[in-house]
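Tertiary structure, described
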Amino acid sequence: MNWTDYLRGKMGQLFSVDVWLPRDLPEYAFGVLYTLGSLTASSFVVLVVSGVVMAANGPQWWTVSAIGFFFRGIHFWSVQAFFFFMILHLLRVFFSGAWRGGRERTWLLGTLSLLIAVPTAFTGYLMRGDFYSQWNAVQAKDGLNALGLAWFNVLNAGQMYGLHVVVLPLILGLLIMLHIILIRVKGVVPPYPSRGETPVGLDEEGAHDAGS
Amino acid sequence: MPDPKIDFTHRYKYVPSDFIKHLATTTLVIAVLAVALSAAFREPVRPALKISTVATQNPVLFEKVAMGDLNGTGQIATYGPPYNGGTGSVQSPMQRIVGVIHPVNPKVDFILKPLRMAASLNPSVGAALRVWDAAPAARQQVWASRYQAALAHARTVNGRVVVPHGAYGPVPMMMQGLLELGRSGLMTGALDRSPADYQFDNMNALLFLQGAPLHNAASRLELLGNQWGIIHEENAPYPGPWWMTIVTAIYQIPFISHASSGDAMALAIGMLLFLILMFAPWIPGINRLPHHLGVYRLIWKDYYRDHDQPKPSAEASP
């Protein structure tokens, strides 16, 4: 197999203007409930921007500077927004059965993003440099040690800082990007068949498990 | 039959929209919201607990913690992997398999090493250490155990810890030296793990404080595990990390909160619940649950209003 040809085919498909800059959307994908995913992604953008400013100034900044403290506030409120909208988005897609029609991987990547978002936020709480950081570090160590995860040394602020500002956001950003790519490629899950509709070639779940 | 290569969302009507304007708007909304909330409400801060504060405000507690470390009876001295060879806090075979990857010897690292540093500033500490070093291990153990027991009856007089008269060898002098080091604020530096005085790792300072000092402070703020501690944000009206609610809730189950391997159980149950959520599309029953619950009819209310046919007969409904 020619690797270059394979990548050309895949990338041409994935990075087309039609995938990333759609000019129209299906009739059922409108309204506030269809803004929750975008609000989550937007919160991530604000988190990254405020986080980059904070990282550029070092981990003492928000404990000694009023501007640093203000940025920590922006970072704090945007992480609240991130989880708030993420959970609402999760509820919306769950109640929509959004994995139907071959969208299982889209769901999987979304839940994986939530899974990675938790330690990403947790390592951030350890960066506050206050009692909360001290207390959560010593409280979390026992569970992590017990599960054989002692490498993840919550008492080592240097390691936690590296994980929080580079490793975990990179993984999270990648997962969110793949999640969005799949949403764009697979389309937004359609409603369950309406009353009286005979879905041609689809089962009642919307083709998810046709033939099962 | 529809072409299987064409996604079936193409069966639906498409409506013009401005995707980029939509994304720019949501990002602007969040940015403005975060800036406004930070300006209006700032964010929660809880002053850190310093070793110097403990040494100043509660010298007896400070010495009790230090004696646990010196005598090998403290929580960290007996902890086990990943810190040392103890067994006191080993909750699972995985913990043992990982082994000692962050070695800590509280007696040396938390007490004797800082004291040797203090000795260069305080000659009486140096004299006490020389007596300690010259004594056989059994005698050291006797002195330490006697002094540890005596601390149960200790009082603080003019900032000094006073215990009932007894044969404690150099231990009271060592503890007084350590207490002064703690009060000075220099002990945190003495607990540095970096061989190059270039500090990134505050593990030893946190492990020194992790028992009663941090627990007492957390208890006052209602932050203990059985007080839904991890998701609390002090008494201020700030949201905490409420996304940890499920794991924190598991800690409230008496069976788990009282188990010696409670931490491992709570995290493992939390992970199991998460795996169910993650693999919901493949789990029979759960993958059809949204259809049965019918909340989707509210989500797509407008769509069904336009597309539902009147109910002429039962067989037409899905």
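Below: a short report on this structure. Quantities reported herein were computed from a predicted structural model and do not represent experimental measurements.

It is worth spelling out the overall build of chain B at this point. Helix and strand content of chain B: 17 helices and three strands. At 30 Å, chain B has a C-alpha radius of gyration far larger than the 20 Å of a compact globule built from 318 residues. Taken along its principal axes, the extent of the C-alpha atoms in chain B is 95 × 45 × 35 Å. Contacts spanning at least 24 positions in sequence make up 51% of the contacts within chain B whose residues lie at least 6 apart.

Helix and strand counts for chain A come out as eight helices and one strand. Shown N-terminal to C-terminal, the secondary structure of chain A runs as helices and strands in the order α-α-β-α-α-α-α-α-α. Along the first, second and third principal axes, the C-alpha set of chain A runs to 65 × 40 × 40 Å. Here the analysis covers contacts within chain A between residues at least 6 apart in sequence; of these, 71% occur between residues at least 24 apart.

Looking now at helix 1 (residues 19-41) of chain B. Under the 1.5 Å per step criterion, the end-to-end length of helix 1 of chain B is 33 Å for 23 residues, consistent within 8% with the ideal 33 Å. All of the buried residues in helix 1 of chain B are T26, I30, A34 and S38 of chain B. Taken together, the buried residues of helix 1 of chain B touch helix 3 (36-57) and helix 5 (66-95) of chain A. A positive phi of about 55° marks R42 of chain B, the residue just after helix 1 of chain B.

The subject of this paragraph is the packing of helix 6 (residues 104-125) of chain A against helix 14 (residues 262-278) of chain B. In the contact formed by helix 6 of chain A and helix 14 of chain B, the axes pass within 9 Å of each other and the chain directions differ by 155°. Judged by the inter-axis angle, helix 6 of chain A sits roughly antiparallel to helix 14 of chain B. Together, L108, T111, L112 and L115 of chain A of helix 6 of chain A and F274, L277 and M278 of chain B of helix 14 of chain B make up the contact between the two elements. Taken together, the residues that form the contact of helix 6 of chain A with helix 14 of chain B break down as six nonpolar, one polar and no charged.

On the chain A side, the residues contacting the 88 residues of chain B number 83 residues. For the side of chain B that touches chain A, the element with the highest residue contribution is helix 1 of chain B, accounting for 13 residues. Taken together, the residues of the side of chain B that touches chain A sort by class into 57 nonpolar, 21 polar and 10 charged. Bridging between strand 1 (residues 24-26) of chain A and strand 1 (residues 14-16) of chain B involves three bridges; their strand directions are antiparallel. For P26 of chain A, the partnering residue across the bridge sits in strand 1 of chain B and is Y14 of chain B.

Attention now goes to helix 11 (residues 212-220) of chain B. Those residues of helix 11 of chain B not exposed but buried are P213, L214, A217 and A218 of chain B. The buried residues of helix 11 of chain B occupy an angular sector of 125° when projected down its axis, which confines them to one face. Turning to helix 11 of chain B, the residues buried within the fold contact helix 7 (131-146) of chain A together with helix 2 (51-57), helix 3 (59-71) and helix 10 (203-209) of chain B. Of the residues one or two after helix 11 of chain B, E222 of chain B is the one with positive phi, at around 55°.

Before going further, it helps to examine the environment of Y14 of chain B. Note that Y14 of chain B resides in strand 1. Given 14 C-beta atoms within a 10 Å radius, Y14 of chain B is considered partly exposed. Look past the residues within four positions of Y14 of chain B in its chain and what remains in contact with it is D24, L25, P26 and E27 of chain A.

Residue and element names in this part refer to chain B. Each neighbour pair has its own omega, and for P81 with P82 the value is 10°, a cis peptide bond. Within the fold, P82 resides in the loop between helix 3 and helix 4 (93-98). Positive phi is not limited to glycine here, since D197 has a value of about 55°. Position of D197 relative to the elements: it lies in the loop between helix 9 (187-190) and helix 10. Under the C-beta neighbour-count criterion, D197 is labelled exposed, with 7 such atoms within 10 Å.

Calculation notes
- Residues numbered from 1 in each chain as written.
- Chains lettered and ligands numbered in written order.
- Predicted model: local features only at pLDDT ≥ 70, side-chain atom pairs only at ≥ 80, totals over all residues.
- Helix = DSSP H or I, 4+ residues; strand = E, 2+ residues; numbered from the N terminus.
- Rg over C-alpha atoms; globule rule 2.2 N^0.38 Å.
- Contact = placed C-beta atoms within 7 Å.
- Expected span 1.5 Å × (residues − 1).
- Buried ≥ 20, exposed ≤ 12 C-beta atoms within 10 Å, placed from the backbone.
- Axes fitted to C-alpha atoms, helices over the stretch in contact; angles between N-to-C directions.
- Parallel < 35°, antiparallel > 145°, perpendicular 65-115°, else oblique.
- Nonpolar A, V, L, I, M, F, W, Y, C, P; charged D, E, K, R; others polar.
- Pairing = 2+ DSSP bridges.
- Arc of directions from axis to C-beta.

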